[in-house]
Amino acid sequence: MEKFKQNLYRFLFCLFCIFFLAVYQEAGCASAASKEDFAEIKNNIITAYENYQAVVDISGYNVYEKTDKNKLKQVMTEVINETPYLFYAGQEYTKEIASGTSQVKRIVLSYSEEYTNYNGSVNITKIKNTRNEINSEVNSVMKNITNSMNDVEKAMVLHDYIVENTSYSDKRTDKNRVSEAGVFIDHKANCQGYSLAYGILLQKAGIDVRYIVSEKMGHMWNLVRIGKSWYNVDVTWDDPVDVYSGSDQYSLVMHNYFLKSTGNFKANGHYGFKAKQASSVKFDNMYWKDVTSSFYYRNGKWIYMGDDGILERKKLVSGTPYVLFSVNGRAFARFNNNKYYFIAGNSIYIYSRQSGRISMVWRTSDYYSPSYYLSQIMYSEGRVYYRLLKNKKYIKGSFNVNNNGIP
């Protein structure tokens, strides 16, 4: 009798377990999907986008809506928002769930309206053409990188390129603003576009990079590895918009958020993120946090504008600068590899590294009243562009220059 009771209890217990497991899975309350499974799912989704597919089958991973909704959302966020060269991916997706359970069987992908045809099919030709345009610009930028540069110097050159050549925009009319296409083609992007573009350039330079997103801030930036340590770089915040015009500022390149520790970022406005690996404070107080011009590489040395005037360094990280020309200047802009424009007083000057001399090329008083303040300049394709400020409003103008940089 005792043995019969034991067998009965075992039978009832097993029956209960089978019933409980069936009910539990039917309700969608269990997930056998592991961390590795979600990594595979992410790769499968990326591959599907690369092959211009609309549906991804994940029925073999036992992903359930009730228990894995947030995990799947995180995967899709990383794919859509944090994967370079998926500029054509749509911002939304749908899930097909098995009838009677909460198991997610398939994910239906979307594509950006910019890269779909009138009938809803994917415009593969336009995607390929855009990718070629991006790669062409990337290859052009990489010509500024030399084998003699260390990783800090490479990261600086690529950082300064994006800041100097991109205007911040979060306007819905700028369709490419959320991708690298915004930076490399339109030269207008938001933080997502800045971060993806910087990531592409860093990877091209052989530097490891990751992406950090703060949902509370609605903001995105990069983690960059230098040596064995990781650092935060926020290219977007180093490209501040003008307080009066709300537009990009000519030739202003900040370095307040270049290679900083997480502690430094959290002490200076960033919040709602985790980046414990970026604990090194090695570069937190480097001199470049006060430099507001690009660092230009010339003949193995670095030239830039500082508080003491036009300066030159052999290395960005070590050593002391040499004062090439002592001047209280601002808005340093390269004309060519030898000559550079800058503002001093209310006039525009050009400096020649070869001769070590400066020449005045334009002054405000010749065209405007003394009440106008010359605040910004930029050089592009044979023209110098300037902005004059009066009563918190700007007047924009420009003039042609010859092959010597002179009007």
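Everything discussed here concerns the structure shown above.
The rules we used
Residues numbered from 1 in each chain as written. Predicted model: local features only at pLDDT ≥ 70, side-chain atom pairs only at ≥ 80, totals over all residues. Heavy atoms only, no water. Helix = DSSP H or I, 4+ residues; strand = E, 2+ residues; numbered from the N terminus. Rg over C-alpha atoms; globule rule 2.2 N^0.38 Å. Buried < 20%, exposed > 50% of the residue type's maximum accessible area, 1.4 Å probe, protein only. Contact = heavy atoms within 4.5 Å. Lys, Arg positive; Asp, Glu negative; His and termini not counted. Charge placed at Lys NZ, Arg CZ, Asp CG, Glu CD. Pairing = 2+ DSSP bridges. Axes fitted to C-alpha atoms, helices over the stretch in contact; angles between N-to-C directions. 1 Å grid on protein atoms, 1.4 Å probe; cavity = no way out; pocket = protein on both sides within 12 Å on 5 of 7 lines; lining within 4 Å. Points joined across faces, edges and corners; volume = space filled by probe spheres on them. Nonpolar A, V, L, I, M, F, W, Y, C, P; charged D, E, K, R; others polar. Parallel < 35°, antiparallel > 145°, perpendicular 65-115°, else oblique. Left-handed = near helix turned anticlockwise from the far one by under 90°. Salt bridge = Lys/Arg side-chain N within 4 Å of Asp/Glu carboxyl O. Polar contact = N/O pair within 3.5 Å; in protein donor to acceptor, adjacent residues only side chain to side chain. Core = buried A, V, L, I, M, F, W, Y, C linked by side-chain atoms within 4.5 Å.

Enquirer: What should I look at first to understand the overall build of the chain in this one?
Expert: For the chain, the helix and strand inventory stands at eight helices and 19 strands. For 407 residues, the compact-globule estimate of 2.2 N^0.38 gives 22 Å, and the C-alpha radius of gyration of the chain, at 28 Å, exceeds that figure by more than 25%. A total of 407 residues make up the chain; the buried ones form 47% of that total. The contacts in the chain between residues at least 6 apart in sequence include a share of 54% that link residues at least 24 apart. If you average the places of the 50 positive and of the 39 negative side-chain charges in the chain, the two averages end up 4 Å apart.

Enquirer: Got a minute to help me understand the sheet that holds strand β14 (residues 339-344) in this structure?
Expert: The strands that make up a sheet are held in pairs by hydrogen bonds between backbone atoms, and each pair lies either parallel or antiparallel. Reading across the sheet, the four strands line up as β13-β14-β15-β16 and stay open at both edges, with antiparallel pairing between neighbours. Looking at which strands have only one partner, the edges of the open sheet turn out to be β13 (330-334) and β16 (358-363). Recorded for the sheet is a direction-independent mean angle of 25 degrees between the axes of neighbouring strands.

Enquirer: Teacher, can you tell me more about the layout of surface pockets here?
Expert: Empty space within the largest pocket amounts to approximately 1100 Å³. Taken together, 35 residues line the largest pocket, and the ones lying closest to its centre are Y161, E164, N165, T166 and M378. The set of elements that each furnish at least two residues to the lining of the largest pocket consists of α4 (124-142), α5 (151-165), β4 (167-168), β9 (296-298), β13 and β17 (373-380). Ranked by the residues each element gives to the lining of the largest pocket, the list is headed by α5, at five residues. Tallied by class, the residues present in the lining of the largest pocket amount to 11 nonpolar, 13 polar and 11 charged. Volume-wise, the second largest pocket comes out at about 700 Å³.

Enquirer: Sorry, what's going on with the packing of α4 against helix α7 (residues 191-204) here?
Expert: Packed helix pairs are specified by the crossing angle of their axes together with the interaxial distance, meaning the distance between the axes. Relative to each other, α4 and α7 sit at 55 degrees, their axes nearing to 11 Å. In terms of orientation, α4 lies oblique with respect to α7. Here the hand of the crossing between α4 and α7 comes out right-handed. Along its contact with α4, which presents V138, N139, V141 and M142, the element α7 presents I200, L201 and K204.

Enquirer: Hey, could you run me through the side chain of R313 in this one?
Expert: Along the chain, R313 turns up in strand β11 (residues 309-313). With no salt bridge to any partner, buried R313 finds its closest opposite charge in D308, at an N-O distance of 8.8 Å. Polar side-chain contacts of R313 include one of 3.0 Å to the side chain of Y304. A distance of 3.0 Å separates the side chain of R313 from the backbone oxygen of G319, its partner in a polar contact. Setting aside chain neighbours within four positions, we find R313 in contact with Y287, K301, W302, Y304, S318, G319, T320 and P321.

Enquirer: For this particular structure, what's the right way to read the nonpolar core?
Expert: A general feature of soluble globular proteins is that nonpolar side chains tend to end up buried together. Counting residues in each nonpolar core, the largest one holds 72 residues, and the members touching the most others are I45, Y49, Y198, L259 and W288. Per element, the largest residue contribution to this core is eight residues, and it comes from α5. If near-sequence neighbours (up to four positions away) are discounted, L259 is found in contact with V152, V224, I226, Y231, N232, V233, F283, D284 and W288. Grouped together as the second largest cluster of nonpolar side chains are 17 residues, Y341, I350, L374 and F399 included.

Enquirer: Any chance you could explain the pairing of strand β8 (residues 229-233) here in plain terms?
Expert: For a regular strand, side-chain orientation follows a simple rule: the groups alternate between the two sheet faces. Within β8, four of the five residues are buried, which leaves it mostly tucked inside the rest of the structure. Pairing geometry for strand β7 (residues 219-226) and β8, over five bridges, is antiparallel. By the bridge assignment, R225 is partnered in β8 with W230. Taken together, β7 and the strand that follows it, β8, pair antiparallel across an intervening segment of two residues, in which G227 is found at a positive phi of about 65 degrees.

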